[in-house]
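Summary of the model geometry
Residues per chain, in single letters:
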Amino acid sequence: MNARTQAKRPPIISKAMVVVACFIHVALSIINFNFTALVNGIALHNSHVNTLMLAMIQPAIVAAILAPILCTLRHTDFIDEFRNILFIAVGLFMIYTLADMAGILG
């Protein structure tokens, strides 16, 4: 029995949860960028803004790569898998960013 033949249940990770997580992720990326620039005494140049933009879209890139694979393997909808992976990727990136700001990563 695959996911299409089962009764539809509401998703565990809702759209609102993903939107809030992405908002927190963007805010935390900006804070981390400014915090790193302040600690290291680096002026905010355009070359460093590229790393900020990459940090903001990195979870979406991971979700866009993994969602079609999991969608095919599990026989589920693409948007549901994309939402779940995006939520997980944003959560892991937030943990990484907080650990980086705390100085745990070096």
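Owing to the predicted nature of the structure, the values given are computational and were not obtained by experimental measurement. (Residues numbered from 1 in each chain as written. Predicted model: local features only at pLDDT ≥ 70, side-chain atom pairs only at ≥ 80, totals over all residues. Heavy atoms only, no water.)

Some points on the overall build of the protein chain
Counting its secondary structure elements, the protein chain contains three helices and zero strands. Start at the N end of the protein chain and walk to the C end: the helices and strands fall as α-α-α. Across the 106 residues that make up the protein chain, the buried fraction comes to 25%. Nonlocal contacts in the protein chain, meaning residues at least 24 apart in sequence, comprise 63% of its contacts between residues at least 6 apart. Summed over all atoms, the accessible surface of the protein chain reaches about 7400 Å², with 72% contributed by carbon and sulfur. (Helix = DSSP H or I, 4+ residues; strand = E, 2+ residues; numbered from the N terminus. Buried < 20%, exposed > 50% of the residue type's maximum accessible area, 1.4 Å probe, protein only. Contact = heavy atoms within 4.5 Å. Areas by Shrake-Rupley, 256 points an atom, 1.4 Å probe, with all protein chains shown as cover.)

Some points on the layout of surface pockets
Taken as a whole, the second largest pocket holds about 460 Å³ of empty space. Lining the second largest pocket we find 22 residues, and of these Asn32, Phe33, Thr36, Ala37 and Asp100 sit closest to its centre. Listing elements by their share of the lining of the second largest pocket, those giving two or more residues are α1 (15-40), α2 (46-74) and α3 (78-102). With eight residues, α1 is the largest single contributor of residues to the lining of the second largest pocket. For the lining of the second largest pocket, the class distribution of residues is twelve nonpolar, nine polar and one charged. (1 Å grid on protein atoms, 1.4 Å probe; cavity = no way out; pocket = protein on both sides within 12 Å on 5 of 7 lines; lining within 4 Å. Points joined across faces, edges and corners; volume = space filled by probe spheres on them. Nonpolar A, V, L, I, M, F, W, Y, C, P; charged D, E, K, R; others polar.)

What about the packing of aromatic side chains?
Across all of its chains, the model carries two aromatic pairs by this definition. Measuring from centroid to centroid gives 6.2 Å for Phe93 and Tyr96, while their planes differ by 40°, and the two rings are tilted. Taken as a pair, Phe93 and Tyr96 lie in helix α3 at a separation of three residues, close to a single helical turn. Under the relative-accessibility criterion, Tyr96 is labelled partly exposed at 47%. (Phe/Tyr/Trp six-rings, centres within 6.5 Å; stacked < 30°, edge-to-face > 60°.)

Describing the pattern of salt bridges
Here the structure, examined in full by the defined rule, presents two salt bridges. The closest approach of N and O atoms between Arg74 and Glu81, which form a salt bridge, is 3.4 Å. Ionic pairing is found between Arg83 and Asp80, a salt bridge with its closest N-O pair at 3.5 Å. Highlighted residues: Arg83 and Asp80, both in helix α3, separated by three residues, approximately one helical turn. Note on Arg83: relative accessible area 9%, which makes it buried. (Salt bridge = Lys/Arg side-chain N within 4 Å of Asp/Glu carboxyl O.)

Points about the environment of Leu92
Assignment of secondary structure puts Leu92 in helix α3. Separated by 33 residues in sequence, Leu92 and Pro59 place their C-alpha atoms 9.0 Å apart.

A short note on the nonpolar core
With ten residues, the main nonpolar core is built from Ile13, Val18, Ala21, Leu28, Ala63, Ala67, Ile85, Leu86, Val90 and Met94. Taken together, the elements giving at least two residues each to this core come down to α1, α2 and α3. Per element, the largest residue contribution to this core is four residues, and it comes from α3. In this structure, Leu86 is in contact with Val18, Cys22, Pro59, Ala60 and Ala63, ignoring residues within four places of it in sequence. (Core = buried A, V, L, I, M, F, W, Y, C linked by side-chain atoms within 4.5 Å.)

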